[in-house]
Amino acid sequence: MIKNKSFLIAIFLTTVLLLSGCSNNQSEEELAKKDEEISQLNAKVEELNNKIKDLEQKLEEINNMDKYKNNEVLLRALETVNYLKNKDMEGLASVVHPLMGVRFTPYEYIDLQNDLVFTKDRIANFLEDTQTYTWGSFDGSGEPIVMTFGEYFDRFIYDVDFANPQMIGNNYSIGKGNSQNNIAEAYPDAYFIEFHFSGFEPEYEGMDWRSLRLVYEKMDGVWYLVGIVHGEWTI
């Protein structure tokens, strides 16, 4: 009887040891599998971190380029507005786009079909030109704007001292009126600087605001003037 009990105990212990061995083997296999999964996840994390670093570097480069572009166009616009202030037409001609010329827009809405465009060669001596041109239509009356360039200059280009504005918009429209502002559609590849006055007489409550938007496009690494857009309150 004792022998039978001993035999049963021996079988029991052997079974426990075998099961324990299997359990240990399974645990080791699971641990190895988990370690492999962790290694793979770490590799993916490192790959993602490298991609993030690359994207951050590219974003920084883009921001630096935009900052440079903003400064470059702003400096060009400040140069241009001083040519206008001094009626330096040769200076103005030097910044006009050699191929596209410059378009003149009397109010905010840019009419690509009817707004007048002149080459840089015409601009150089334009103030002496006595010929009248139709520049568009007067707001309110709808009467044609028939003027010499000198007359148009005094009324729809430099009618206030834009070289000393209250605000400057860097590719941002400040003046808001009833005319549609379609500068982004008319000049999709351009960059503009707006010189703005919010008003002059308190009784008009801002309805006498004025803006001058100088529009530039880049050619061969140089920003050239392609549009002069005047802005004011319209009916």
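Everything below is about the structure shown above.
Numbering of residues starts from 1 in every chain and runs along the sequence as written. Local features are withheld for residues below a pLDDT of 70 in this predicted model, meaning they are given only at 70 or higher, and side-chain atom pairs are given and counted only at 80 or more; totals for whole chains, interfaces and linings count all residues. Hydrogens are left out, water is left out, and the side-chain values use all remaining heavy atoms of the structure.

### A few points about the side chain of S173
Put simply, the rule reads: Numbering of helices and strands runs from the N terminus, with a helix taken as a DSSP run of H or I at least four residues long and a strand as a DSSP run of E at least two residues long. Only protein chains enter the area calculation, which uses a 1.4 Å probe; residues under 20% of their type maximum are buried, those over 50% are exposed, and those in between are partly exposed. Counted as a polar contact is a pair of N or O atoms within 3.5 Å, where, for protein atoms, one must be capable of donating a hydrogen and the other of accepting one, and residues adjacent in sequence contribute only when both atoms are in side chains. Only heavy atoms enter the contact rule, under which two residues are in contact if any of them lie within 4.5 Å.
Within the secondary structure, S173 is located in the loop between β5 (167-170) and α5 (183-186). S173 gets classed as buried once you look at its relative accessible area, which sits at 11%. Only 2.9 Å separates the side chain of S173 from the side chain of N181, close enough to count as a polar contact. Once you skip the residues sitting within four places of it in the chain, S173 turns out to touch N181, I183, F192, E194 and R213.

### Things to note about the nonpolar core
Where we set the bar: Only buried residues count toward a nonpolar core. Its members are Ala, Val, Leu, Ile, Met, Phe, Trp, Tyr and Cys residues joined through side-chain atoms within 4.5 Å.
If you look at the biggest cluster of nonpolar residues, it comprises 40 residues, and the most contacted ones within it are F104, I123, W135, I157, L214 and L225. Among the elements that make up this core, the one with the highest residue count is helix α1 (residues 2-85) (five residues). Sequence-distant contacts of L214, that is, excluding residues within four places in its chain, are made with A77, T80, V81, L84, Y191, F192, I193, F195, L225, G227 and I228. Membership of the second largest hydrophobic core comes to nine residues, among which are I183, A186, V215 and V229.

### Examining the packing of aromatic side chains
Spelled out, the test is: For Phe, Tyr and Trp, where Trp contributes only its six-membered ring, two rings pair if their centres lie within 6.5 Å, and the inter-plane angle classes them as stacked under 30 degrees, edge-to-face over 60, or tilted in between.
Counted under the stated rule, the structure contains 20 aromatic pairs. Residues F104 and W135 carry aromatic rings whose centres are separated by 5.8 Å and whose planes lie at 85° to one another, so their mutual orientation is edge-to-face. Linking F104 in strand β1 (residues 102-105) with W135 in strand β3 (residues 133-137), this pair joins segments that are 31 residues apart in sequence. Of the two residues, F104 and W135, both sit in the buried class.

### Looking at the side chain of T148
By the secondary structure assignment, T148 is in the loop between β4 (144-147) and α4 (149-156). A relative accessible area of 14% places T148 in the buried class.

### Let's talk about the pairing of strand β6 (residues 191-197)
Convention followed: At least two bridges found by DSSP between two strands are what make those strands a pair.
In terms of residue burial, β6 counts as a mostly covered element, since seven of its seven residues are buried. Taking every second residue as pointing to the same face, both faces of β6 are buried, with Y191, I193, F195 and F197 on one and F192, E194 and H196 on the other. Here four bridges tie β5 to β6, and the two strands are oriented antiparallel to one another. Across the sheet, residue N170 finds its bridge partner in β6, namely I193.

### Examining unusual backbone geometry
Even without glycine at this site, K87 takes up a positive phi of about 50°. Exposure remark for K87: the relative accessible area of 41% places this residue in the partly exposed category. One non-glycine residue, N171, lies in positive phi territory at about 60°. Mapping N171 onto the fold places it in the loop between β5 and α5. On the accessibility criterion, N171 (34% relative accessible area) is partly exposed.

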